[in-house]
Amino acid sequence: MEIHVGTLSPLKKKAKDIYEAVEKSIPGDVIILHKSCVLSNRGIIIPHSLTFVGNDKSVSIGIAPGIVGFFATGTSQLEFSNLNIRVGGQANAIRLEKYSETIKFNNSSIVYQSKVPYRDRNPLLLTDNDSYEGKLEVENSAIQNCEVALGDIDIKDSKIGLLPHMGGNLRACRLYAQRLTVINSEITYVSLVSVQEAAFLRNISSYGNLELNGKCVIETLDFRQLVLTDKEGKQVAKDIKKYPTAEEQVTNIFCLKLLNEQFDVTISDLTADGDNTRGAIKEAFLLIANDGVLHVNHAKIGAFNYQNVIDGLGEITYEDVVDESNYNLVRKPSIKGFRTISPLLDSLEVEVEKNDEPSAALDELYNMIGLTDAKDKIARFAASEKMKNIQIKRGISTANRGIRNLIFAGPPGTGKTKVANKMAQILYDIGAIKRNIVVEVTPAKLKGTVVGESAKNLIEACEKAKGGILFIDEAYSLTTDDQYNKDMIDELLTWTDEKHSEDLIVILAGYKHEIEELIYETNPGLSRRFPTWINFQEYTNDELKAIALSMIKDNHALVAKNAFEKLFAVMDEKINQAKSLKNFGNASFVNTFVNQLIEERDVRLSHFTYHEDLTNENLLTITVEDINTVSSRM
């Protein structure tokens, strides 16, 4: 049944105020507030399950200083919908004791009233800490501070917690549960614990001081920058002067805090842009003050005002991380880094590569067909880099490796992209680059629609490839005389100078004649920044036939014994025809030919009536008939 407060309608069951509505209610009633009210001299003891609903979004419930607004125990289900609860100093909005039911918030908020001093900001939602029963459900709502220990906590599309200088409590918001799930929400200055199962968080944003305890899995975490206006900065300074004991809680902010022992935290897709432009808030990315396990997979961590603090002997693993923050190592944990750039790795002198072992990728390069110049020059390049490592370790050489950019010159289909990937693996194996990554782009993909966008796109590509290799295919198209290309070339000159040589290798690839025009005629600075040329020649017919057999093997296909002669004859014929045309595809041409043979084999076999009669060899074998059919179509 509905009980209405503040309505003039004679057709509805009414009460003069919220107190009378609760007194008239029976279990399961819905109390609808048509106007705002204030609990001024006493709170409300919830006698049974009730739902409080605001008639519209403007309806609020004020909680006077020094009282508990709503008090519930036992099995009384409680729900707040479409309501704004505004709480005075030294008050609680809601208090639950020995609670074993469900409390829900939907399209609602619980916030402090304006100008409540730091010391008077009590938890807005408070439970006793020993029950671990009951359930909290929050959807499309905001709770500025709470201390909750329940069986289950489910939060969706909501905001939980607030930093003190933004209006929150000096103590962190606490969410302790047997099972805890947070989806699509903003959680700031919150301590999370899931006792029975790993806490699961997805699509989370935060302004910092996110404390994780126990086992926790997070998919997508974005730490937002703290940007204070001059007025806000002055107010923070004023508040700290008034309450000097609050300075540490207000100013010392870490994005992520791991304080309790045995934490086990896995984070995928983390962004922490950092902000080293303002001094009002002392901000850093990470605080570890105990032993535990942190695994971060794919992250971009920017520069912050202050150093991260690591004081634990656990394990930290960074995979695909670009980290520009700095670290103060009190105790040194075990560190692993894969495809990662981070001062954390450098400061610990962690070996993330096998400097003393030969690279298996170099053997794989040697086993590739053709590519005589590439094999020779990359082997020499790798040897030089390996010896440079040894010289640096012995202190007889500086860490500056000099410019290492290259030109891959040759027609399409001659293995330039594949060789670039092998080269990245080789250099990573010997410690010459920090990440085994090749970011492939073309000027056409980088070209913007407005002036300045092309340069921005190139910067983003360089940042993405940092620590590895940026491979710019069809680079000759940069010779076109327009402002977009000029912007890209100007930015390319910056990223290929000695300042960036340790963190990035750039490869320009394309036709030899056009690349020569780009390097020697477009801008004189390019020739100094790309000193090494590797020439990729067109494959001979015999090399292309060998490539075809390798592709057939890689596709787990076979060639009938009586079909080899026909295969080679057809390939010679078709290759010679294709070479007479412009832009012959070399290995790409062969790849297309092999794919057509496999497709024709499958089409032929699909017409059989009894497939169960076919042997495995039948299913894999390319026949003379298949070759003739493909030849007739080409």
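Summarised in this report is the structure supplied together with it. (Residues numbered from 1 in each chain as written. Predicted model: local features only at pLDDT ≥ 70, side-chain atom pairs only at ≥ 80, totals over all residues. Heavy atoms only, no water.)

## A word on the overall build of the chain
In terms of regular secondary structure, the chain is built from 17 helices and 38 strands. The C-alpha atoms of the chain give a radius of gyration of 33 Å, which is well past the 26 Å a tight globule of 634 residues would have. Expressed as lengths along the three principal axes of its C-alpha atoms, the size of the chain is roughly 100 × 75 × 50 Å. Here the analysis covers contacts within the chain between residues at least 6 apart in sequence; of these, 62% occur between residues at least 24 apart. Only carbon and sulfur atoms are counted for the fraction: they give 48% of the accessible area of the chain, which is about 29400 Å². The distance from the centre of the 72 positive side-chain charges to the centre of the 88 negative ones in the chain is 5 Å. (Helix = DSSP H or I, 4+ residues; strand = E, 2+ residues; numbered from the N terminus. Rg over C-alpha atoms; globule rule 2.2 N^0.38 Å. Contact = heavy atoms within 4.5 Å. Areas by Shrake-Rupley, 256 points an atom, 1.4 Å probe, with all protein chains shown as cover. Lys, Arg positive; Asp, Glu negative; His and termini not counted. Charge placed at Lys NZ, Arg CZ, Asp CG, Glu CD.)

## Quick look at helix α6 (residues 372-393)
Here α6 spans 32 Å end to end across 22 residues, near enough to the 32 Å set by a 1.5 Å rise per residue. Buried within α6 we find A374, K375, I378, A379, F381, A382, E385, K388 and N389. Where α6 is buried, its residues contact α5 (360-366), β32 (406-409), α7 (416-429) and β36 (532-535). Just downstream of α6 lies G395, where phi reads positive at about 75 degrees. (Expected span 1.5 Å × (residues − 1). Buried < 20%, exposed > 50% of the residue type's maximum accessible area, 1.4 Å probe, protein only.)

## Points about the sheet that holds β32
What links the strands of a sheet is backbone hydrogen bonding, and the strands pair in either a parallel or an antiparallel sense. The strand order across the open sheet built from 5 strands is β33-β34-β35-β32-β36, with neighbouring strands paired in parallel fashion. Only two strands of the sheet have a single partner each, and these edge strands are β33 (438-441) and β36. Between one strand axis and the next, the sheet turns by 20 degrees as a mean value, whatever way the strands run. Bridging between β32 and β36 involves 4 bridges; their strand directions are parallel. Within the sheet, the bridge partner assigned to A409 lies in β36 and is N535. Those strands touched by helix α9 (residues 453-465) are β33 and β34 (469-472), and its axis lies near 140 degrees from that of β34. (Pairing = 2+ DSSP bridges. Axes fitted to C-alpha atoms, helices over the stretch in contact; angles between N-to-C directions.)

## Re the side chain of H34
Among the secondary structure elements, H34 is positioned in the loop between β3 (29-33) and β4 (37-39). According to the relative accessible area criterion, H34 is buried, its value standing at 18%. At a separation of 2.8 Å, a polar atom in the side chain of H34 contacts the side chain of H4. If we skip the residues at most four places from it in the chain, H34 touches H4, V5, G6, T7, K12, N55 and V59. (Polar contact = N/O pair within 3.5 Å; in protein donor to acceptor, adjacent residues only side chain to side chain.)

## Observations concerning the pattern of salt bridges
Scanning the entire structure with this criterion turns up 25 salt bridges. We note a salt bridge from R171 to E147, for which the minimum N-O separation is 3.5 Å. Of this pair, R171 sits in the loop between β18 (159-160) and β19 (173-187) while E147 sits in strand β17 (residues 146-156), and the two are 24 residues apart along the sequence. For E147, a relative accessible area of 8% gives the class buried. In this structure, the salt-bridge partner of K300 is E324, at a minimum N-O distance of 3.6 Å. Within this pair, whereas K300 is found in strand β27 (residues 292-301), its partner E324 is found in the loop between β29 (315-323) and β30 (327-331), the two being separated by 24 residues in sequence. Exposure remark for K300: the relative accessible area of 32% places this residue in the partly exposed category. Residue class for E324 comes out partly exposed when judged on its relative accessible area of 33%. Residues participating in the shared-partner salt-bridge network are K135, E137 and D154. (Salt bridge = Lys/Arg side-chain N within 4 Å of Asp/Glu carboxyl O.)

## So, the pairing of strand β22 (residues 210-213)
Going residue by residue along β22, you find L210 and L212 tucked away on one face and E211 and N213 tucked away on the opposite face as well. With 4 bridges connecting them, strand β20 (residues 190-194) and β22 associate as parallel partners. Across the sheet, the residue bridging to L192 is L212, located in β22.

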